[in-house]
Amino acid sequence: MSHTLTPAERINTVLRPVPVWLVCVAGALPGLYIVVGILLAVSGVYDVFGARLGVDPVRTIEHWLGELALQFFIATLLISVLRDRFRLKLIKFRRPLGLLTFFYVVLHLGIWLGLDLQFRWAEAWADILKRPYITIGMVGFALLIPLAFTSSNAAIRRLGPVTWQRLHKLAYPAALLGGVHYVMVQKVWETEPLIYLGVICALLLMRGKRLLP
């Protein structure tokens, strides 16, 4: 008697041959498009974005990159939830999605430092100390640094699986801080940032006891 595949098994079968590198390349394309667009605009070659940047182009670009970072962060968290609740085997994509999250956070921070503050480090430090939303964002970024630098099989062997897993649970508070940062940046209550924060909170609740050390 032939076995009828469940929806989860069908999805697993379709996605199994998809290479990890393809996810990395596809995920990085929006960021590369934005960076190349900035370089072309600054050099006066071509205005890629046009009126889409609005009255505050730097803030708009920061917003785009910050949203992309949160979207990839949510996708990273979602993979574990889909595995636990629906038996979808997407774990091989979790590492590239996590690294893409870090990639977009770095770009987001780089635009703030480079285009907004023009590398005025004293002013940047003062903003980190006096503006709570920036403080929260920087703490979240700091939590992601050790995760990005230990996202390899060699790091797992060096740290040991148990220590590595405990370290990578820093992703949970980092995601929550990222959502809070997005809400606070707006300075007024807006629906979209609250939706992002709500989705992050829901995914963390679904992880349940796995959040604990």
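Note that the coordinates shown come from a computational prediction; the quantities given were computed from them, not determined experimentally. (Residues numbered from 1 in each chain as written. Predicted model: local features only at pLDDT ≥ 70, side-chain atom pairs only at ≥ 80, totals over all residues. Heavy atoms only, no water.)

With respect to a nonpolar patch on the surface
Taken together, the side chains of W21, L22, V25, L29 and L32 present a nonpolar region at the surface, about 500 Å² in accessible area. You can see W21 is positioned in helix 2 (residues 20–42). (Patch = residues over 30% accessible without salt bridge, like charges linked within 9 Å, V, L, I, M, F, W, Y side chains within 5 Å. Areas by Shrake-Rupley, 256 points an atom, 1.4 Å probe, with all protein chains shown as cover. Salt bridge = Lys/Arg side-chain N within 4 Å of Asp/Glu carboxyl O. Helix = DSSP H or I, 4+ residues; strand = E, 2+ residues; numbered from the N terminus.)

Looking at helix 9 (residues 171–185)
Along its 15 residues, helix 9 runs 21 Å from first to last C-alpha, staying within 8% of the 21 Å computed at 1.5 Å per residue. Buried within helix 9 we find A171, Y172, A174, A175, G179, H181, Y182, V183 and V185. At the exit of helix 9 stands K187, carrying a positive phi of roughly 70°. (Expected span 1.5 Å × (residues − 1). Buried < 20%, exposed > 50% of the residue type's maximum accessible area, 1.4 Å probe, protein only.)

Let's talk about the side chain of E67
Secondary-structure assignment places E67 in helix 3 (residues 57–86). Here E67 sits buried without a salt bridge, and the closest side chain of opposite charge, R59, lies 11 Å off (N-O distance). Aside from chain neighbours lying at most four places away, what touches E67 is Y182, E192 and Y196. (Lys, Arg positive; Asp, Glu negative; His and termini not counted. Contact = heavy atoms within 4.5 Å.)

As for helix 5 (residues 121–130)
Those residues of helix 5 that sit buried are A124, D127 and I128. Buried residues in helix 5, looked at end-on, bunch into an arc of 100°, giving them a common side. Seen from the buried face of helix 5, the exposed residues on the opposite side, beyond 90 degrees, are A122, W125, L129 and K130. On its buried face, helix 5 sits against helix 4 (94–116) and helix 6 (132–148). (Arc of directions from axis to C-beta.)

Considerations on the pattern of salt bridges
Tallying each qualifying case throughout the model produces four salt bridges. Between D84 and R207 there is a salt bridge; the shortest N-O distance is 2.5 Å. Separated by 123 residues along the polypeptide, D84 in helix 3 and R207 in helix 10 (residues 191–207) bring together distant segments of the chain. Residue classification places R207 among the buried residues on the basis of a relative accessible area of 9%. For E123, the salt bridge goes to R120, with nearest N and O atoms at 2.7 Å. Looking at E123, the relative accessible area reads 33%, which means it is partly exposed. Residue R120 is classed as partly exposed on the basis of its relative accessible area of 37%. Because the salt bridges share partners, they merge into one network encompassing R83, D84 and R207.

A short note on the packing of aromatic side chains
Applying the stated criterion across every chain, the model contains seven aromatic pairs. Aromatic pair Y33 and F49: ring centres 5.9 Å apart, planes at 85°, arrangement edge-to-face. Separated by 16 residues along the polypeptide, Y33 in helix 2 and F49 in the loop between helix 2 and helix 3 bring together distant segments of the chain. On the accessibility criterion, Y33 (42% relative accessible area) is partly exposed. Ring centres of F119 and W121 lie 5.8 Å apart, and the angle between their planes is 40°; this geometry places the pair in the tilted category. By relative accessible area, F119 is classed as partly exposed at 49%. Look at W121 and you get exposed, because its relative accessible area is 55%. Through a chain of ring-to-ring contacts, three or more aromatic side chains come together here, namely Y33, F49 and W64. (Phe/Tyr/Trp six-rings, centres within 6.5 Å; stacked < 30°, edge-to-face > 60°.)

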